[in-house]
Amino acid sequence: MNLSSSFQLLRTCAAASSSRAVSRPALRALPGRVSRRYYSEDKAAGEQAKEEAKPQESSEKNEIAEKLKAKETEVTDLKSRLQYLQADFLNLQRNAAKEKDQTKDFAITRFASDLLETVDVLAIAIKSVPHAALSPSNSTSSTPAGLDKSHAAYLKDLHTGVDMTHRMLLQTLAKYHVTPFDPTGEQFDPNQHEALYQAPIPGKEPGTVIDTQKIGYKIKDRVLRAAQVGVAQDTS
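To start, this report covers the structure provided alongside it. Treat the numbers as computed from the prediction; the structure is a model and nothing was measured.

### A look at the sheet that holds strand 2 (residues 193-200)
Reading across the sheet, the three strands line up as 2-6-3 and stay open at both edges, with mixed pairing between neighbours. Either end of the sheet is taken by a strand with one partner, and the two such strands are strand 2 and strand 3 (209-214). Here the average twist between neighbouring strands, direction ignored, is 25°. As defined by bridge partners, strand 2 adjoins strand 6 (residues 227-233) across seven bridges and the pair is classed as parallel. Bridged to Gln198 within strand 6 is Val231.

### Observations concerning the sheet that holds strand 4 (residues 216-219)
A sheet is described by the order of its strands in space; here three strands give the open sequence 1-4-5, paired in antiparallel fashion. Each having just a single partner strand, strand 1 (178-181) and strand 5 (222-225) make up the two edges of the open sheet. Ignoring strand direction, the axes of neighbouring strands in this sheet form an average angle of 40°. Strand direction decides the pairing type here: strand 4 and strand 5, joined by three bridges, are antiparallel.

### Comments concerning helix 3 (residues 151-175)
Helix length check: helix 3, at 25 residues, gives a terminal C-alpha distance of 36 Å against a target of 36 Å (1.5 Å per residue), a fit within 8%. All buried positions along helix 3 are accounted for by Ala152, His159, Val162, His166, Leu169 and Leu173. Contact partners of the buried residues in helix 3: helix 2 (109-127) and strand 1. A positive phi of about 65° marks His177, the residue just after helix 3.

### Digging into the pattern of salt bridges
Scanning all chains against the criterion turns up five salt bridges. Of the charged contacts, one joins Arg81 and Asp77 as a salt bridge, the two residues approaching to 3.2 Å between their closest N and O atoms. Of this pair, Arg81 and Asp77 both sit in helix 1 (residues 3-105), four residues apart, which is roughly one turn of that helix. A residue is classified by how much of its surface remains accessible, and Asp77, at 36% relative accessible area, is partly exposed. Among the ionic pairs, Glu117 bridges to Lys214, the shortest N-O distance being 4.0 Å. Placement of Glu117 in helix 2 and of Lys214 in strand 3 is noted, with a sequence separation of 97 residues between them.

### Examining the layout of surface pockets
Its volume calculated, the largest pocket comes out at about 310 Å³. Looking at the lining of the largest pocket, the elements that each hand over two or more residues are helix 2, helix 3 and strand 3. At six residues, the largest contribution of residues to the lining of the largest pocket is made by helix 2. Partitioned by chemical class, the residues of the lining of the largest pocket number six nonpolar, four polar and five charged. The residue makeup of the lining of the largest pocket includes at least three contributed by each of domain 2 (109-137 + 149-176) and domain 3 (178-235).

### Describing the nonpolar core
Core analysis: the largest hydrophobic core is formed by 15 residues, its most contacted members being Leu173, Val178, Tyr217, Ile219 and Leu224. Where this core is concerned, the elements lending two or more residues are helix 2, helix 3 and strand 4. Tallying contributions element by element places helix 2 first for this core, with six residues. Mapped onto the domain boundaries, this core takes at least three residues apiece from domain 2 (109-137 + 149-176) and domain 3 (178-235). If sequence neighbours within four positions are ignored, Leu173 has contacts with Ala112, Leu115, Leu116, Val119 and Val178. Residues Phe181, Val209, Val229 and Val231 belong to the second largest nonpolar core, which totals five residues.

### Some words on the side chain of Thr208
Considering the arrangement of structural elements, one finds Thr208 in the loop between strand 2 and strand 3. With a relative accessible area of 7%, Thr208 lands in the buried category. A distance of 2.7 Å separates a polar atom in the side chain of Thr208 from the backbone oxygen of Glu205.

Cut-off values and rules
- Residues numbered from 1 in each chain as written.
- Predicted model: local features only at pLDDT ≥ 70, side-chain atom pairs only at ≥ 80, totals over all residues.
- Heavy atoms only, no water.
- Pairing = 2+ DSSP bridges.
- Helix = DSSP H or I, 4+ residues; strand = E, 2+ residues; numbered from the N terminus.
- Axes fitted to C-alpha atoms, helices over the stretch in contact; angles between N-to-C directions.
- Expected span 1.5 Å × (residues − 1).
- Buried < 20%, exposed > 50% of the residue type's maximum accessible area, 1.4 Å probe, protein only.
- Contact = heavy atoms within 4.5 Å.
- Salt bridge = Lys/Arg side-chain N within 4 Å of Asp/Glu carboxyl O.
- 1 Å grid on protein atoms, 1.4 Å probe; cavity = no way out; pocket = protein on both sides within 12 Å on 5 of 7 lines; lining within 4 Å.
- Points joined across faces, edges and corners; volume = space filled by probe spheres on them.
- Nonpolar A, V, L, I, M, F, W, Y, C, P; charged D, E, K, R; others polar.
- Domains from an automatic or database assignment.
- Core = buried A, V, L, I, M, F, W, Y, C linked by side-chain atoms within 4.5 Å.
- Polar contact = N/O pair within 3.5 Å; in protein donor to acceptor, adjacent residues only side chain to side chain.

Bear in mind that shape data such as this cannot, by itself, settle questions of function.
Pasting the structure below:
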């Protein structure tokens, strides 16, 4: 091999070596550019996905808020109904207790009504004997034969016994809240009085009770028997 051939071979090797050195950095730089492109695309896709997820997340929050509001409204409605039911129950308890007391108080209504006739008979028996006949001044001083006392003394004892019986009956009725009332002089009340007759009485206001044939009776505040009365009539 001559000198020119050797020099030519050296130049060829140097050129090849130079071309490989240039190509290698280029090849090394290529994957970096590809990687950066892929990273940018992934980042853009992620941001796009986040942007798309925002309306969906907002919609879910609004839906949850509406459900909570509906539940709160339902709870308020149920609480209001419960309060009404509680008030109704308390009223029912009070009414039941009141009815129980009234049933207890008025259980003797029929018995008391029947007993009033006996009281009336005793009252008539007492009134049938004038007080003047019971006075010792009008009694005979002599005692009839076979008797320990005079007729006036016996009559007075009878009157006293009947009067005591009448008082005891009224006391017994009072224990069960049965009380008499005499409306003489009061204004006529059809809810408490029964008019037997009317009569023109000068100086009396029309509608005034002028006479009581039978006194009335009440059991607590309820009329057990209306008073039988006479009423003043208009004289005009």
